[in-house]
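These are the residues of each chain, in order.
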Amino acid sequence: MSFPLEPAAALAVFALVAVGSCIQSSVGFGLGLIAAPLLFLIYPPLVPGPLMASSVVLSLLVAIRERAAIDFSGLGFAIAGRVAGTLLAALVWSVLPSEGFDFLFAGLVLLGVALSLSSLRVDPSPASASAAGALSGFMATLSSIGGPPMALLYQRQSGARIRGTLSGHFVIGALISLVALAAVGRYGRAEMILSIELIPAILVGYLASGWVRESVDRIGARPLVLGLSFLAAIGILYRAAS
């Protein structure tokens, strides 16, 4: 790996990305929610661009696997909202002082936790899909954590529909966010190299999900979706204490 880390830290990066990839492949989201807070602690340049770019590979694989269950009508409205949220995030990147990013990042992770724990019932509709897509785009472009708004929208759907629709959104949405990050100087050659170096861990997690996915479908996706928030909260507490 090109980033200057001790072997133990590099192994921790690999493990975090692999575990997050496995969970996202099984539930529909979770890579950013689990990995981003701790990756930011270990080596901040990994977030948001490299983690998001490497996740495109994972999302594409899951979307192809679950293509029969994708809600294409809702996906279109979510992508339209994603563009608006991404543009707003790019504006924030262009004016936010670097010393203020830590606080914004922590706030967005906590927002992801709150959305995951929320008992709100939001049914998919053009308006709700657009709003979820916009919030997902804003959060993902700033922190690589864009799953919770979309997961809240689809959390009462089948496991296959959650995985397929969210993955389809993440493939297109992440590419939109990466273009915005590149436009404001936050994703370039160095970040691209880091993205490529995370892909082996992404693939390991995806392959491991073959043993996990059936259990997720059997017990239901919602408990695991909500349980991910506890892991993110641990990451936030660790960061606050460091």
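Asker: Now, about the overall build of the chain: what can you tell me, with residues and values included?
Answerer: Helix and strand counts for the chain come out as 11 helices and 0 strands. Ordering the α and β elements of the chain from the N terminus gives α-α-α-α-α-α-α-α-α-α-α. Taken over 242 residues, the chain has a buried fraction of 52%. Here the contacts in the chain between residues at least 6 apart in sequence split such that 84% fall between residues at least 24 apart.

Asker: Lay out a nonpolar patch on the surface with the relevant residues and their values.
Answerer: A cluster of nonpolar side chains, contributed by L88, L91 and V95, occupies part of the molecular surface with about 300 Å² of accessible area. Along the chain, the position of L88 falls in helix α4 (residues 72–95). With a relative accessible area of 46%, L88 lands in the partly exposed category.

Asker: Outline the nonpolar core, supporting the account with residue identities and numerical values.
Answerer: Residues V17, L39, L46 and L166 are the most contacted members of the largest nonpolar core, which totals 55 residues. If one sorts the elements of this core by residue count, helix α2 (residues 31–42) sits on top with 7 residues. If we ignore the near neighbours within four places in the chain, the residues touching V17 are L31, L39, L51, L198, A201 and I202.

Asker: Can you explain the environment of L181? Please cite residues and give values.
Answerer: Structurally, L181 is set in helix α8 (residues 159–183). When its relative accessible area of 0% is taken as the criterion, L181 is described as buried. If we ignore the near neighbours within four places in the chain, the residues touching L181 are P48, G49, M52, W93, T141, R186 and Y187.

Asker: Provide a residue-level description of the pattern of salt bridges, including the pertinent values.
Answerer: The final tally for this structure, using the stated rule, is 2 salt bridges. Of the charged contacts, one joins R65 and E66 as a salt bridge, the two residues approaching to 3.3 Å between their closest N and O atoms. We classify E66 as buried; its relative accessible area is 9%. Here E66 and R163 are joined by a salt bridge, their closest N and O atoms 2.9 Å apart.

Asker: Let's hear about the packing of helix α1 (residues 7–27) against helix α3 (residues 49–65): which residues, and what values?
Answerer: It is at 10 Å that the axes of α1 and α3 come closest, and there the two elements cross at 30°. Comparing their axes, α3 and α1 come out roughly parallel. Two packed elements cross with a definite hand, and for α1 against α3 that hand is right-handed. Every residue of α3 that contacts α1 at V17, S21, Q24 and S25 is listed here: L51, L58, S59, V62 and R65.

Asker: I'd like to hear about α3, residue by residue, with values.
Answerer: With 17 residues, α3 should reach 24 Å at 1.5 Å per residue; the first-to-last C-alpha distance of 25 Å fits that figure. Its axis deflected by about 25° at V56, α3 carries its strongest bend there. Counting buried residues in α3 gives 12 out of 17 residues, a clear majority hidden from the surface. In the core, the buried residues of α3 are packed alongside α1, α2, α4, α6 (126–143), α8 and α9 (189–208).

Asker: So what's going on with the side chain of S55? Which residues, and what values?
Answerer: Looking at the element boundaries, S55 is found in helix α3. In this structure, S55 is in contact with L31 and I202, ignoring residues within four places of it in sequence.

Asker: Got a sec to walk through α2? Specific residues and values, please.
Answerer: Compared with the 16 Å implied by 1.5 Å per residue over 12 residues, the 16 Å span of α2 between its first and last C-alpha is a close match. The element α2 is extensively covered by neighbouring structure, given that 9 of its 12 residues are classed as buried. By the burial criterion, the buried members of α2 are L31, G32, L33, I34, A35, A36, P37, L39 and F40.

Cut-offs used in this document
Residues numbered from 1 in each chain as written. Predicted model: local features only at pLDDT ≥ 70, side-chain atom pairs only at ≥ 80, totals over all residues. Heavy atoms only, no water. Helix = DSSP H or I, 4+ residues; strand = E, 2+ residues; numbered from the N terminus. Buried < 20%, exposed > 50% of the residue type's maximum accessible area, 1.4 Å probe, protein only. Contact = heavy atoms within 4.5 Å. Patch = residues over 30% accessible without salt bridge, like charges linked within 9 Å, V, L, I, M, F, W, Y side chains within 5 Å. Areas by Shrake-Rupley, 256 points an atom, 1.4 Å probe, with all protein chains shown as cover. Salt bridge = Lys/Arg side-chain N within 4 Å of Asp/Glu carboxyl O. Core = buried A, V, L, I, M, F, W, Y, C linked by side-chain atoms within 4.5 Å. Axes fitted to C-alpha atoms, helices over the stretch in contact; angles between N-to-C directions. Parallel < 35°, antiparallel > 145°, perpendicular 65-115°, else oblique. Left-handed = near helix turned anticlockwise from the far one by under 90°. Expected span 1.5 Å × (residues − 1). Bend = angle between axes of the 7 residues up to and from the residue.

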